[in-house]
Amino acid sequence: MRYSRIVATGHYLPERVLTNDELERMVETSDAWIRARTGIRQRHIAAPTESVAGMGERASRMALETAGLAAEDIDLIVMGTTTPDQVFPNSAVIMQERLGVAGIPAFSLEAACSGFIYALAVADNFIRAGSAGRVLVVGAEKMSSIVDWNDRSTCVLFGDGAGAVILEHTQTPGILDTRLHADGRYKDLLQFPSGIASSKARIAEDALQMKGSEVFRVAVAKLGEEIVETLARHDLDGNAVDWLVPHQANARIISAIARRLDLPMERVVLTVGEHGNTSSASVPLALDLAIRDGRIQRGDLLLLEAFGGGFTWGSALVRY
Ligand code: COA
């Protein structure tokens, strides 16, 4: 049998940190409100000159260096992003050029905050099918470019960054399972409504729109079902999970999911306080940081999950 496993990870966070105190001066909000409702203390914001492909490249180079590999050793790039630099070339191709590996296939996919889990599932399936041997999987986002900085109900939530994972073929399973879902009936609850082919003209004030409390309710319900079902497929429960590496949208959503698994918060990787919601970048960023600081060890069982606009959601069960 052919499987895939995680060889190495990397991340990139822009230098500029935007604190809750600074946000207090921009919109009618408070550090206390943001912390209590979301757990967020600060987020990183990309410079105007920083691109999604550039942030992805930085994260990818860190992963390659950690693995002791050259970019030439990669034979496919899959990137999750909701904030592509251009409509085309897709951001994975722009990043491929920056990495100097002309010729290999490279594509980005759009699944809002579930983008990385979708990209990981695609990469795992390419490897299992024998269509690729070593895949660079990236989540990279410049959410600061699509939020309305006058809308306190959304602008306090998001941040920028990138995470990268190198997957490689193996005989013994690393990625044990991936499950993806979508339900377009919820499309109006979380959206960036204009697009190239839409009848609505792109207007300057167009921005991410969200019905936060409804998103919260559905996210907790769908993710709760998802992780319980994923573990049940393998005759496992929360006890077997060494680390939950969740999408980092809101600390309250994350703790509700951990409770559903009876998993103590000591076994949950929590980065939302420092990063905010970095959409597709949030899971690989959290994964890389917990590997780098030694919390996640080789052999640990990891449960990755994400939820985003669409709605889209999914999970990955991983033996690291
Ligand atoms: N600062 C201060 N007050 C704010 C605020 C802010 N930044 N944003 C909203 N409020 C106010 C609202 O205007 C509302 O005031 P009102 O009662 O006078 O109308 C009040 O706070 C409560 O708003 P509500 O939206 O009901 O709060 P909430 O407890 O649901 O928390 C979110 C808001 C956005 C933090 C929460 O709903 C959430 O996290 N939802 C999920 C979002 C998410 O994860 N999205 C990404 C999915 S990938």
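Residues numbered from 1 in each chain as written. Predicted model: local features only at pLDDT ≥ 70, side-chain atom pairs only at ≥ 80, totals over all residues. Heavy atoms only, no water.

**Quick notes on the pattern of salt bridges**
Then, number 1: Scanning the entire structure with this criterion turns up 14 salt bridges.
Then, number 2: Glutamate 168 serves as the salt-bridge partner of arginine 5, at 3.4 Å between the closest nitrogen and oxygen. A residue pair is termed long-range when its members are at least 10 positions apart, and arginine 5 in strand E1 (residues 3–12) and glutamate 168 in strand E7 (residues 160–170) qualify at 163 residues.
Then, number 3: For arginine 233, the salt bridge identified is with aspartate 177, shortest N-O distance 2.9 Å. (Salt bridge = Lys/Arg side-chain N within 4 Å of Asp/Glu carboxyl O. Helix = DSSP H or I, 4+ residues; strand = E, 2+ residues; numbered from the N terminus.)

**Some words on the domain arrangement of the protein**
Then, number 1: With domains assigned, the protein is organised as domain 1 (3–172) and domain 2 (176–319).
Then, number 2: In this structure, domain 1 and domain 2 have C-alpha centres spaced 14 Å apart.
Then, number 3: Residue-level contacts link 54 residues of domain 1 with 46 residues of domain 2.
Then, number 4: Carbon and sulfur atoms supply 62% of the area that domain 1 and domain 2 bury against each other, a total of about 3,700 Å² over both sides.
Then, number 5: On the domain 1 side of the contact with domain 2, Cys113, Ile117 and Tyr118 bury the most area, a combined 18% of that side's loss.
Then, number 6: Summed over the shared surface of domain 1 and domain 2, the result is 1 salt bridge.
Then, number 7: With a closest N to O distance of 2.0 Å, arginine 41 and glutamate 274 form a salt bridge. (Domains from an automatic or database assignment. Contact = heavy atoms within 4.5 Å. Buried area = accessible area lost by both parts, 1.4 Å probe.)

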